[in-house]
Structure formats: C-alpha cells, structure tokens
Amino acid sequence: MSIPEPKTGLRLGSKAPDFEADTSNGPIQFHKYIEGSWAIIFSHPDDFTPVCTTELGAFAKLEPEFTKRGVKLIGLSANDTSSHKSWIKDIDEMLPMLITKVSN
C-alpha cells in the first residue's frame, strides 16, 4: 500500500519528507533513522518551558512502550542541540514526578 503525498502539510499516516538534522543524540538522516518503523514526529515551541518539559518527559517515560510497538519518536524545535542537552537535565529531574503522576 502506498501512502499518498499530502497536498497541504502532513497528516496522520502521511509520508514525511526526508531530512538531515543534528540532534541531541548525534546527526540523523530521517528516513534511515526510521527505516522499518513507524514514527511519531512532535514539536515544541521552546526548551525550558513548563508545558513542553512535562509533555516531553511524558513521551520519554512512554518511549519503551513505543519501542515495543516498533515506533520511533522524534521531537523537533527551533532550539539548537546545546540547548536540548541542557534541557534534558530538567526533563530528567521531572521524570520521577511524571512517572508517579501517570502511574496513579
């Protein structure tokens, strides 16, 4: 089954265009990164914002479940990788609270 290219923007199930990017885990070529997997692309407006921190932390907490199902996650933003690497510390600090909150 081929997925039709979207006429305007990406929609659920659309094939995303290939791109190269520097990430907090090193450089990737998107289609090679997701090869053989489904992918969820999510974005956030800015690092170090409360809502973005809790939402990304929730994705991080659930990442093993996505992996079990053959789904790779990728988050996009306008911030650079040095900002992301610093922000990861904030997310890691929030993660225990998120795990408790989601578990209850």
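Counting starts from 1 at the beginning of each chain's written sequence and moves along it residue by residue. A pLDDT threshold of at least 70 governs which residues receive local features in this predicted model, and a stricter bar of 80 or more applies before side-chain atom pairs are shown or counted, although totals over entire chains, interfaces and linings include all residues. Side-chain numbers come from the whole structure's heavy atoms, not from hydrogens or water.

As annotated in an unreviewed UniProt entry, the protein carries the name thioredoxin-dependent peroxiredoxin and comes from Ambrosiozyma monospora. Listed in UniProt under the heading Catalytic activity (unreviewed entry), the comment for the protein reads: "a hydroperoxide + [thioredoxin]-dithiol = an alcohol + [thioredoxin]-disulfide + H2O". UniProt positions are given in the numbering used here, feature names are shortened, and annotations may be inferred rather than shown by experiment. We quote the UniProt Sequence similarities (unreviewed entry) comment for the protein here in full: "Belongs to the peroxiredoxin family. BCP/PrxQ subfamily."

K.L.:
Give a description of the overall build of the protein that names residues and reports values.
P.N.:
Helix numbers and strand numbers start at the N terminus; a helix is a DSSP run of H or I with at least 4 residues, a strand a run of E with at least 2. A count of helices and strands for the protein gives three helices and four strands. If you list the helices and strands of the protein from N to C, you get β-β-α-β-α-β-α. Only protein chains enter the calculation, and the probe is 1.4 Å; a residue is then buried if its accessible area is under 20% of its type maximum, exposed if over 50%, and partly exposed in between. In the protein, buried positions account for 20% of the 104 residues. Residue pairs in contact within the protein that sit at least 24 positions apart in sequence constitute 65% of those at least 6 positions apart. Note on areas: Shrake-Rupley with a 1.4 Å probe; residue coverage comes only from the protein chains shown. If you sum the accessible surface of the protein, you get close to 7700 Å²; carbon and sulfur atoms cover 58% of it. Two residues form a contact once any of their heavy atoms are found within 4.5 Å.

K.L.:
Which residues make up the nonpolar core, and what values do they have?
P.N.:
In this structure, Ala16, Ile28, Phe30, Ile34 and Ile74 together form the largest nonpolar core, which totals five residues. Once you skip the residues sitting within four places of it in the chain, isoleucine 28 turns out to touch Phe19, Glu20, Ala21, Thr23, Tyr33 and Ile74. Buried Ala, Val, Leu, Ile, Met, Phe, Trp, Tyr and Cys residues that are joined via side-chain atoms within 4.5 Å together make up what is termed a nonpolar core.

K.L.:
Quick rundown of the packing of aromatic side chains? Include the residues and the values.
P.N.:
Stacked, tilted and edge-to-face are the three classes applied to pairs of Phe, Tyr and Trp rings, where Trp contributes its six-membered ring and a pair requires centres within 6.5 Å; stacked means planes under 30 degrees apart, edge-to-face means over 60, and tilted covers the rest. Per the stated rule, a full pass over the model turns up three aromatic pairs. Through successive ring pairs, a cluster of aromatic residues spans Phe42, Phe59 and Phe66. The criterion is that NZ of a Lys, or CZ of an Arg, lies within 6 Å of the ring centre and within 35 degrees of the ring normal, and then a charge sits over that ring. Taking the ring centre of tyrosine 33 as reference, the NZ or CZ of lysine 72 above it sits at 4.9 Å.

K.L.:
So, a nonpolar patch on the surface: which residues are in play, and what are the values?
P.N.:
Residues form patches when they are more than 30% accessible in relative terms and have no salt bridge. Like charges link within 9 Å. Nonpolar side chains (Val, Leu, Ile, Met, Phe, Trp, Tyr) link within 5 Å. Each salt bridge in this description consists of a side-chain nitrogen of Lys or Arg and a carboxyl oxygen of Asp or Glu lying within 4 Å of one another. Together, Leu10, Ile41 and Leu76 line one region of the surface with nonpolar side chains, adding up to about 230 Å² of accessible area. On the secondary structure map, leucine 10 appears in the segment before β1 (20-23).

K.L.:
Explain the environment of phenylalanine 66 to me, using residue names and the numbers behind them.
P.N.:
Its place among the elements puts phenylalanine 66 in helix α2 (residues 50-68). Between the C-alpha atom of phenylalanine 66 and that of tryptophan 38, which follows or precedes it by 28 residues, the distance is 9.5 Å. Discounting chain neighbours no more than four positions away, the residues touching phenylalanine 66 are Ile40, Phe59, Val71 and Leu73.

K.L.:
Can you lay out the pattern of salt bridges for me, pointing to particular residues and giving the numbers?
P.N.:
Considering all chains together, one arrives at two salt bridges under this definition. Lysine 68 serves as the salt-bridge partner of glutamate 65, at 3.1 Å between the closest nitrogen and oxygen. On the criterion of helical spacing, the pair formed by glutamate 65 and lysine 68 is a turn pair, its members being three residues apart in helix α2. Glutamate 65 sits in the partly exposed class, given a relative accessible area of 33%. With relative accessibility at 64%, the residue lysine 68 sits in the exposed group.

K.L.:
Summarise the environment of lysine 72; cite the residues concerned and give the values.
P.N.:
Position of lysine 72 relative to the elements: it lies in strand β4 (residues 71-76). With relative accessibility at 29%, the residue lysine 72 sits in the partly exposed group. With 37 residues separating them along the chain, lysine 72 and glutamate 35 place their C-alpha atoms 9.6 Å apart. Excluding residues within four positions of it along the chain, lysine 72 makes contact with Tyr33, Ile34, Ser37, Trp38, Ala39 and Ile40. One polar contact links the side chain of lysine 72 to the main-chain carbonyl oxygen of tyrosine 33, over a distance of 2.6 Å. For the purposes of these results, a polar contact is taken to be a pair of N or O atoms within 3.5 Å, where, inside protein, one atom must be able to donate a hydrogen and its partner to accept one; residues adjacent in sequence count only when each atom of the pair is a side-chain atom.

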